[in-house]
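# A structural walkthrough
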Amino acid sequence: MSLDMHKWSDHLLLLNTHSNTLLTSLHCAKQLLQDPNAASGSPTSNDILSKGGSPDVAFAYKGEAVSPMSPSRPALERLRVLAEAGETGIGEVFKRMIKKFPEVGDLAKLSGYQAFQSASDTILEDFRPFYDLLTACTEWAETAIAVLHQSMNFVALSRDTNPDLVTAFLDLLVNYVSVIYMVHGLGNERKIVASGYAKAWEVVNRNQEIQWARLSRFIANHEKPLAALQESLGPVAPRIFSFVLELKMDLTTRLGVTAEGYRKTGVLSLVPEMSGVKAPEADEKHLLGLTLQNRIFSTIIIGFLVCPQEIIKNPASLDVLKQALGYGYVVPLVRNETLNYTSEFDASIKSHSKLSKILKGVINDTLTLNQPLIHPFHAGRRDYLRHHLRQILSLVSSSTPLLCAKFAVVTAALGFAREEILWYFWHLDDAAGGGKKKKKAVEGRGWDTGVVELCWLVGEVGRRIMACVDAIRSTLATHMANVHAPTLITILESAFQSFPELANEATGMLLGAILDTLRVIPTDQVSELVSGGGFEGLRLNWLRYQVCAALPTTAANIQDSATLITLMNELYNKSKWLDTFDTQLTSLTSLRLLYYYQTPLQELLKECMDSSPEMMRCVGVLGTIAESFLGNVSPGWPAEAKQLQIHTPLFATEIYSILGQYAASVAHDVAVLNAQYALQAVPSEAVAFLPGVG
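The sections below set out a description of the structure shown in this document. In this text the structure is predicted, and so the values were computed from the model without any measurement.

## Quick look at the overall build of the protein chain
A tally of helices and strands in the protein chain yields 36 helices and four strands. In terms of C-alpha radius of gyration, the protein chain reaches 29 Å, essentially the compact-globule figure of 26 Å for 694 residues. In terms of its C-alpha atoms, the protein chain occupies a principal-axis envelope of roughly 105 × 80 × 55 Å. Expressed as a percentage of the 694 residues in the protein chain, the buried residues total 52%. For the protein chain, the exposed area adds up to about 30600 Å²; of that, 54% sits on carbon and sulfur atoms.

## Considering the packing of aromatic side chains
Remark: the centre distance and the inter-plane angle together describe each pair of aromatic rings, the angle taken between the planes. One pass over the full model with this rule turns up 26 aromatic pairs. Measuring from ring centre to ring centre gives 6.2 Å for F94 and F127, while their planes differ by 35°; the resulting arrangement is tilted. Taken together, the positions of F94 in helix 5 (residues 91-100) and F127 in helix 7 (residues 120-150) put the pair 33 residues apart, joining distant regions of the chain. The pair formed by F94 and F127 is uniform in burial state, with each residue classed as buried.

## Considering the pattern of salt bridges
Summed over the entire model, instances satisfying the criterion amount to 29 salt bridges. Here E460 makes a salt bridge to R463, at a shortest N to O gap of 2.8 Å. Of this pair, E460 and R463 both sit in helix 25 (residues 450-467), three residues apart, which is roughly one turn of that helix. E493 serves as the salt-bridge partner of R519, at 3.0 Å between the closest nitrogen and oxygen. One end of the pair, R519, is in helix 27 (residues 506-520); the other, E493, is in helix 26 (residues 469-498), with 26 residues separating them in the sequence. Overall, the relative accessible area of 39% leaves R519 in the partly exposed class. The network of salt bridges with shared partners includes D383, R386, R390, E453 and R617.

## A word on the environment of L622
Here L622 is to be found in helix 34 (residues 621-624). In this structure L622 comes out as buried when scored by relative accessible area, which is 1%. In the structure, L622 is positioned 206 residues away from F416 in sequence and 20 Å away in space, judged by C-alpha atoms. When near neighbours in sequence (up to four residues on either side) are disregarded, L622 contacts L601, L605, F651 and I655.

## Quick word on the packing of helix 26 against helix 30 (residues 561-574)
Where helix 26 meets helix 30, the axes come as close as 10 Å, and the angle between the chain directions of the two elements is 150°. Regarding the angle of helix 26 to helix 30, the classification is roughly antiparallel. Of the two possible hands of crossing, helix 26 and helix 30 adopt the one that is left-handed. For the pair helix 26 and helix 30, contact is made by L476, H479, M480, H484, T487, L488, I491 and L492 and by T563, L564, L567, M568, E570, L571 and K574, respectively. In terms of residue class, the contact of helix 26 with helix 30 is built from nine nonpolar, four polar and two charged.

## A few points about helix 26
If you check helix 26, its first and last C-alpha atoms are 41 Å apart, about what 30 residues at 1.5 Å a residue would give, namely 44 Å. H484 marks where helix 26 bends most, by close to 35°; the proline P486 follows one to four residues later.

## What to know about the environment of E640
Mapped onto the fold, E640 is located in helix 35 (residues 640-681). By relative accessible area, E640 is classed as buried at 9%. Spatially, the C-alpha atoms of E640 and S353 are 45 Å apart, while their sequence positions differ by 287 residues. Apart from residues lying up to four places away in sequence, E640 is in contact with C28, R335, Y596, N632, V633 and S634. Here the side chain of E640 touches Y596 through a polar contact of 3.2 Å, side chain to side chain.

Calculation criteria
Residues numbered from 1 in each chain as written. Predicted model: local features only at pLDDT ≥ 70, side-chain atom pairs only at ≥ 80, totals over all residues. Heavy atoms only, no water. Helix = DSSP H or I, 4+ residues; strand = E, 2+ residues; numbered from the N terminus. Rg over C-alpha atoms; globule rule 2.2 N^0.38 Å. Buried < 20%, exposed > 50% of the residue type's maximum accessible area, 1.4 Å probe, protein only. Areas by Shrake-Rupley, 256 points an atom, 1.4 Å probe, with all protein chains shown as cover. Phe/Tyr/Trp six-rings, centres within 6.5 Å; stacked < 30°, edge-to-face > 60°. Salt bridge = Lys/Arg side-chain N within 4 Å of Asp/Glu carboxyl O. Contact = heavy atoms within 4.5 Å. Axes fitted to C-alpha atoms, helices over the stretch in contact; angles between N-to-C directions. Parallel < 35°, antiparallel > 145°, perpendicular 65-115°, else oblique. Left-handed = near helix turned anticlockwise from the far one by under 90°. Nonpolar A, V, L, I, M, F, W, Y, C, P; charged D, E, K, R; others polar. Expected span 1.5 Å × (residues − 1). Bend = angle between axes of the 7 residues up to and from the residue. Polar contact = N/O pair within 3.5 Å; in protein donor to acceptor, adjacent residues only side chain to side chain.

Function-wise, these values are silent; they only describe arrangement.
Structural data, given as structure tokens:
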């Protein structure tokens, strides 16, 4: 596949945007295709969404049962043609399609083929959205791998010189791997859908379905997803691995830092002098990195998974992997779907003899060593974040100027807290070294009720920010006009004066467009950049410039390029708060993914009621979170809205009814105690003279 290199950044952005739609759609498809009775092990955290019935959590107050006032949840219905395959006789045909995929042979000899022919129209109708999704994934994956391979055409591509471009590249890598694993995660049903739809099409239309050959080849080639990924990414593995190793600084300064380490630097303190911290303020790049730690972890693990030959060439790189393994057990794919990377590393070791000598035992031994430390490590960070978010909420509630001045610190704290909240829920179900359900382990260490307060603090600080949106935007625009724009204008004007021929190159044209936008920022017309898409164009042109500057054909040689890159990177991120404020805030505060962890949320409520009464002031957030659940509807799977519209109000009803009953019981006890204290305060002789007494 041939793609224009000058549009490489455009392809990155489009592919990354579309990948979210594909991943969420694959998650929906998996719920509808797979047989819930085939699952093994203890119930998962989202079983209430698929199996229906009533919540498994038993609430009580002083030994008396407290039952949520909510109708029984409806079960998620499996696709009918699959659920009834055994009764209709089509099951025999489907079994052949699984066993012989993609060449199913002569189906006419099977006893269920007549039933399959009769149901062809129904099969086409039922399988069409799933088949279309699989073909869309095929097309997307083919384009994505071509774009990833194109990175080898650059001569200067690194996080120092092309930071935003490299970030987009690594995001595409993670998304590509996630899509491949999610398609494989559909199980044998993906083969039934592909073969069943194509065969039904052949029966009805008397010709071969046009996408069948392409789709069947894609599914067959990715039967073993890791091996397929290692092969397809082999040509670009050196570039991937070099970027992954550049993330070592993120491990040292962010992912691997304990709560005590953060306290000593005062990185999230609005007034560090009050704590006796004299360290210099963190720069915006470091603060932004705090909000991306889960993504960086995923990138490192995936990078090591798909580049076995690079590990063999550079055994010293294992130090980076070992450090990363101390952060978590699983790699999140989408929503509550995670990848148990331990088994994937084991498979990679078995298929690469040279890798076995280097990596064998490293993963399991390191995880065994880290297992008793990982959860306390993150629990300490959550406690640290609760402390600082309390401080932030207290200070910014009464001082809008302080909020505006320390906005980068406040948003970093919010994003960091969200990262830790999601990490907590992602690691509830899977244990290190085997992906077994971790119910006993959770019971052993207890539920962390501090997560409830952390959710509440994130919501409260987020609401305070939203209330000050105009003041924040004005402060950011002023800072950009006074700090960024003048210096950048000087650098670019000097470049055009020193190299007049630059204006005729693609690089110069992009810098000229950027310069035109920069000149508007200090003027009264800056609002037009917000409403007219000027800042969006600025960001896109900056990415395009990074592409041109990395190509071997460029002649651009800008003096003080380091300052240009630093300031433009800051401007790139700051400008998003001017024209996409709501989107940026939502990315830091939204907890809508907790829709898929409703049972753990109820377990946390129970724990607060039973043993953490000090957290009861925050538990209302468990109902408030439900307001964001409908935001989970996938753009590529609108039918999901029905399920969300059913379960969201039921969950909120359960939470609020439990809280109402609990509050009523507490109020009754308080009233009884007050009456007892009142009687004790009145002398018994005086009681005898009270009206109605004696």
